[in-house]
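Commentary on secondary and tertiary structure
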Amino acid sequence: MSEQNKTPDPLADLKATVDKQSKQIDALTKKLAQPKGTEISDKAPEPPKVPSKPVSVGEKKYKWNLAVFQMPGSTAKVTAEEASTDKEMIAEILKIEGQGLLTEVV
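The paragraphs below set out a description of the structure included in this document. (Residues numbered from 1 in each chain as written. Predicted model: local features only at pLDDT ≥ 70, side-chain atom pairs only at ≥ 80, totals over all residues. Heavy atoms only, no water.)

1. Quick word on the overall build of the chain
Definition in use: A helix here means a DSSP run of H or I that spans at least four residues, while a strand means a run of E at least two residues long, and both kinds are numbered starting from the N terminus. Exposure is judged per residue with a 1.4 Å probe applied to protein chains only, and the accessible area is read against the type maximum: over 50% gives exposed, under 20% gives buried, and values in between give partly exposed. Between two residues, a contact is recorded if the distance between any of their heavy atoms is within 4.5 Å. Surface accessibility follows the Shrake-Rupley procedure with a 1.4 Å probe radius. Residue values consider only the protein chains on display as shielding.
Within the chain, the secondary structure is distributed over three helices and five strands. Moving toward the C terminus, one meets the helices and strands of the chain in the order α-β-β-β-β-α-α-β. The burial tally for the chain puts 17% of its 106 residues in the buried class. Long-range pairs, those at least 24 residues apart, make up 46% of the contacts in the chain between residues at least 6 apart in sequence. Per element, the accessible surface of the chain, about 9400 Å² overall, is 55% carbon and sulfur.

Spelled out as structure tokens, the structure:
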């Protein structure tokens, strides 16, 4: 019999397709099993701390009394460490009468 008279074997074609898809599935499964990004740990994040270094405004120095606070009219929480580098925010805090965030260091 010649090669031209052979009829295609549907089972062989199906087996080849299944084998190919099985290899693709294995490769994707291995790819998905690899961890990406940061891993989840049991450690809780460290809470913000009150900075020990005082902030200077002009000739005066002030120490922080709270680690986290909210500015009036805002819902965003700000850490004292973040605010320590923002001179405008410090000036706004000092304008608030009776504020307990910053205390002058004598």
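2. Points about the sheet that holds strand 2 (residues 60–64)
Which entries qualify depends on this criterion: Strand pairing is assigned whenever DSSP detects at least two bridges linking the two strands. As a rule, the C-alpha atoms of each element are fitted with a line to give its axis, helices using only the stretch in contact, and angles between N-to-C directions run from 0 to 180 degrees.
Strand order in the open sheet formed by three strands is 1-2-5, and the pairing between neighbours is antiparallel. One side of each edge strand has no neighbouring strand; the edge strands of this open sheet are strand 1 (55–57) and strand 5 (102–104). Here the strands of the sheet are splayed against their neighbours by 40° on average, with no regard to which way each runs. Bridge analysis of strand 1 against strand 2 gives three bridges, and the strand direction is antiparallel. Within strand 2, the residue paired with V57 across the bridge is K60.

3. Describing a nonpolar patch on the surface
Basically, it comes down to this: Like charges are joined within 9 Å and nonpolar side chains (Val, Leu, Ile, Met, Phe, Trp, Tyr) within 5 Å, but only among residues with over 30% relative accessible area and no salt bridge; these make up the patches. Salt bridges are identified by distance alone: a Lys or Arg side-chain nitrogen within 4 Å of an Asp or Glu carboxyl oxygen.
A surface patch of nonpolar side chains, about 310 Å² in accessible area, is lined by L11, L14 and V18. You can see V18 is positioned in helix 1 (residues 10–33). Residue V18 is classed as partly exposed on the basis of its relative accessible area, which comes to 45%.

4. Points about the pattern of salt bridges
For the coordinates displayed, the defined rule picks out three salt bridges. Across the salt bridge formed by D19 and K15, the nearest N and O atoms sit 3.1 Å from each other. In this pair, D19 and K15 both sit in helix 1, four residues apart, roughly one turn of the helix. Note on D19: relative accessible area 35%, which makes it partly exposed. In this structure, K49 engages E46 in a salt bridge whose closest nitrogen and oxygen atoms are separated by 3.6 Å. The exposure classification of K49 matches that of E46, with both residues exposed.

Just geometry here; none of it tells us what the structure is for.
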